[in-house]
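# Notes for the structure review
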Amino acid sequence: MTLIASVFPIVCWLGYNYGVPFVERWRPSLSVIMSMQRRRWVANAFTRDSPLDAILSGNLMQSVSLLASTSVLLVLAIFTAFGALPTLVRSLGTLGLGADYTAVDMQIHLLVLLGIFVSSFFAFTLSLRQFNHFCIMVGAIDHNRKPTDTEIDAMTMLNALAARNFNNGIRAYYFAVPAVAWFGSPVLSFVVCAFTLGV
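Residues numbered from 1 in each chain as written. Predicted model: local features only at pLDDT ≥ 70, side-chain atom pairs only at ≥ 80, totals over all residues. Heavy atoms only, no water.

## With respect to the overall build of the protein
Counting its regular elements, the protein contains 7 helices and 0 strands. When the helices and strands of the protein are placed in sequence order, the string is α-α-α-α-α-α-α. Since a compact globule built from 199 residues should have a radius of gyration of about 16 Å, the 21 Å found for the protein marks it as more spread out than a globular shape. With the C-alpha coordinates of the protein rotated into their principal frame, the extents come out at 70 × 40 × 20 Å. Looking at the protein as a whole, 36% of its 199 residues are labelled buried. At a minimum sequence separation of 6, the contacts of the protein that also span at least 24 residues come to 81%. Carbon together with sulfur atoms contributes 68% to the accessible area of the protein, which is approximately 11,500 Å² in total. Computing the positive centroid from 12 side-chain charges and the negative centroid from 9, the protein places the two 3 Å apart. (Helix = DSSP H or I, 4+ residues; strand = E, 2+ residues; numbered from the N terminus. Rg over C-alpha atoms; globule rule 2.2 N^0.38 Å. Buried < 20%, exposed > 50% of the residue type's maximum accessible area, 1.4 Å probe, protein only. Contact = heavy atoms within 4.5 Å. Areas by Shrake-Rupley, 256 points an atom, 1.4 Å probe, with all protein chains shown as cover. Lys, Arg positive; Asp, Glu negative; His and termini not counted. Charge placed at Lys NZ, Arg CZ, Asp CG, Glu CD.)

## Here's the deal with the nonpolar core
Buried together is how nonpolar side chains tend to be arranged in soluble globular proteins. Met-106, Leu-110, Leu-113, Ile-116, Phe-117, Phe-124 and Phe-183 are the most contacted members of the largest nonpolar core, which totals 32 residues. Elements represented by at least two residues in this core include exactly helix 1 (2-24), helix 3 (52-83), helix 4 (85-94), helix 5 (103-139) and helix 6 (149-181). Per-element tally for this core: the top contributor is helix 5, with 9 residues. Residues within four places of Met-106 in sequence aside, it is in contact with Leu-85, Leu-88, Val-89, Leu-92, Tyr-101, Trp-182 and Phe-183. With 10 residues, the next largest nonpolar core counts Trp-41, Val-42, Phe-46 and Val-138 among its residues. (Core = buried A, V, L, I, M, F, W, Y, C linked by side-chain atoms within 4.5 Å.)

## Regarding the packing of aromatic side chains
Going through the model one piece at a time under the given rule, you end up with 9 aromatic pairs. Relative to Phe-82, the ring of Phe-79 has its centre 6.5 Å away and its plane inclined at 45 degrees; by these criteria the two rings are tilted. Here the residue Phe-79 and the residue Phe-82 both occupy positions in helix 3, the gap between them amounting to 3 residues, near one helical turn. On the basis of relative accessible area, Phe-82 is assigned to the partly exposed category, the value being 24%. Both rings, one in Phe-117 and one in Tyr-173, keep their centres 5.8 Å apart while their planes meet at 90 degrees; by these two values the pair is edge-to-face. On the criterion of sequence distance, the pair formed by Phe-117 in helix 5 and Tyr-173 in helix 6 is long-range, its members being 56 residues apart. (Phe/Tyr/Trp six-rings, centres within 6.5 Å; stacked < 30°, edge-to-face > 60°.)

## Describing the pattern of salt bridges
Oppositely charged side chains are able to pair whenever their charged atoms sit close together. On inspection of all chains with the given rule, the structure shows 4 salt bridges. One salt bridge connects Asp-142 with Arg-145, and the closest N-O pair in it is separated by 3.9 Å. Residues Arg-145 and Glu-151 are paired through a salt bridge, measuring 2.5 Å at the closest nitrogen-oxygen approach. Residue Glu-151 is classed as partly exposed on the basis of its relative accessible area, which comes to 27%. Each of Arg-39, Asp-149 and Asp-153 takes part in salt bridges that share partners, so that together they form one network. (Salt bridge = Lys/Arg side-chain N within 4 Å of Asp/Glu carboxyl O.)

Have a look at this one:
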C-alpha cells in the first residue's frame, strides 16, 4: 500500500499527459485555444516594428526561469533529506499523523519526488531554450515584406512547443502535491491525487 501510494502520483501524471490529447479532440482545452492566439500574436508581430513582442517573450522567459531555478532548489532539498533520513523518519513519527514509515519507504518516496522535480527541471529548461529561439526568430523578422504562412506557422509551432514543455513542468508541480501528502498518510496521497486530477 505504501509503495503503491508512492508511485500513484506519477502514474496519474503520466496518464493525464497521455489522456488529455484524446479529450481535446472533443472539447478544446485552454492550451488549444491559446495556440490559436499564439498564431495571431506571430502574425501581428510581422506588422509592428516595436519592442513589444520582445518584452512579451522576455516576461514569459522570466516565469519559466524562476520555476526552473525552484526545481533545482527542490532537488537539492531532497538530496539533503537523503542525508538526514533517520532524523526525517523520527520527525514524521512524532507528528502523530498515523503514518509509520521505514527508512526504505522513505528512500523510495524521496526517489519518486526526485524524479518528479528532475523531470520538471528538464521541462522548464527545454521550454526556456525554445522561448529563447522564439525571441531570436522575432528579432529576425523582416518588416519590409509580407511573411509567408510557412514562416508564421514555424514560429507559432516553436512558441506552442515551448508552452507545452512549460505546461509539463507545471503539471510536475501539481502532482508533487499528492506526493508530499504521502508524508501524512498513503490514503491522503490517493485522496489528494484524485482531487488534483479533478481540478
